[in-house]
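Each chain, written out:
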Amino acid sequence: MASLSSKSNHVRSISLPGRSHPTIQRVEEELNKLKSLEVSVAPTTVTNGLKGLEKLYKCIDDLLNLPQTRHALSQSLHAKCVEDLMDKSMRLLDLCGTARELVSQCKENVRDLQSSLRRRKGDSTTDGNVTRFTAFSKKIKRGAKRLVLTLKQMDQDTTVSALLDADQDTIAVIRALKEANAECISTFQMLLSFLCVPLLKPKPSKWSLLSRLVNKERIASLVLEENMSLETRLESFETYLVSFEDGLEATFRCLIRSRSSLLNVFSC
């Protein structure tokens, strides 16, 4: 999918120049784990990506709170770079919050449709609820696509620019922060791409033809089978959404801590 192309543009072997502190190595290890994930909209890949982001940003926070890191980044020579990192951290926080809201809305609508299907015996409103869910899914898809475009725009400035007169450890820290942002962007894109996949695929108008070929009892049986299949899909989809929601919540908290640490660095 086009929305996943960004990931392929960032395939690289992470080799941070500064290896004098074990925290740098832990950041490198978590980055490489995220890089090893297959580019996919599979829900397990998205979930693993969010779990990986949580671990990565915990290491990033440890890195930002090292005395040598705070000293290096607080130097006026690197002020512009730190400002850029702070700006991106705020934008990622906003995007994470928006993605979390999309997932939450989607989960609530899935649950509403599930409730409708459970009450379907003698309930003529099920078709209307399915129609409303389909319309809502299209709205979610549009919102997800807009976020993907925003992420792609952010992704264009994730490369590590040369830092004149910077020591190797400072370069390592800034590279780590930029690489973490790139992985965050990529993971969000995979999640949003998953939300863009329609859960309820449009069905051709076939019931008028079937009504001429089979009896009413057979039609009722086919409708029941379709609903049962839909219930199964909804149950799996809800499980994925709960996992995404938890992962986004954990990532959001980590991004807040990371931004707070950056602000502390900048205020030194």
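Residues numbered from 1 in each chain as written. Predicted model: local features only at pLDDT ≥ 70, side-chain atom pairs only at ≥ 80, totals over all residues. Heavy atoms only, no water.

> Provide a residue-level description of the environment of Asp84, including the pertinent values.
As for its placement among the helices and strands, Asp84 is situated in helix H5 (residues 79-118). Classification of Asp84 by relative accessible area gives partly exposed; the value is 38%. Along the sequence, Asp84 and Lys178 sit 94 residues apart, while their C-alpha atoms lie 9.9 Å from each other. (Helix = DSSP H or I, 4+ residues; strand = E, 2+ residues; numbered from the N terminus. Buried < 20%, exposed > 50% of the residue type's maximum accessible area, 1.4 Å probe, protein only.)

> Quick one: what's the story with empty space enclosed by the protein, residue by residue and with numbers?
Scanning all chains against the criterion turns up one cavity of 30 Å³ or more. A volume near 80 Å³ is recorded for the largest cavity. Every residue along the wall of the largest cavity is listed here: Tyr57, Leu85, Ser89, Leu92, Leu177, Ala180, Asn181, Leu255, Ser258, Arg259 and Leu262. Secondary structure elements with two or more residues in the lining of the largest cavity: H5, helix H7 (168-196) and helix H9 (216-266). It is H9 that contributes the most residues to the lining of the largest cavity, four residues altogether. Its residues placed into classes, the lining of the largest cavity shows seven nonpolar, three polar and one charged. (1 Å grid on protein atoms, 1.4 Å probe; cavity = no way out; pocket = protein on both sides within 12 Å on 5 of 7 lines; lining within 4 Å. Points joined across faces, edges and corners; volume = space filled by probe spheres on them. Nonpolar A, V, L, I, M, F, W, Y, C, P; charged D, E, K, R; others polar.)

> Talk me through the packing of helix H3 (residues 43-64) against H7; I want residue IDs and the actual numbers.
Running from amino to carboxyl end, H3 crosses H7 at an angle of 155 degrees, the nearest separation of the two axes being 10 Å. On the basis of the axis angle, H3 is roughly antiparallel to H7. Of the two possible hands of crossing, H3 and H7 adopt the one that is left-handed. Contacts from Pro43, Thr45, Val46, Gly49, Leu50, Leu53, Leu56, Tyr57, Ile60, Leu63 and Leu64 of H3 reach H7 at Val173, Ala176, Leu177, Ala180, Asn181, Glu183, Cys184, Thr187, Phe188, Met190, Leu191 and Phe194. Split by residue class, the contact of H3 with H7 holds 18 nonpolar, four polar and one charged. (Axes fitted to C-alpha atoms, helices over the stretch in contact; angles between N-to-C directions. Parallel < 35°, antiparallel > 145°, perpendicular 65-115°, else oblique. Left-handed = near helix turned anticlockwise from the far one by under 90°. Contact = heavy atoms within 4.5 Å.)

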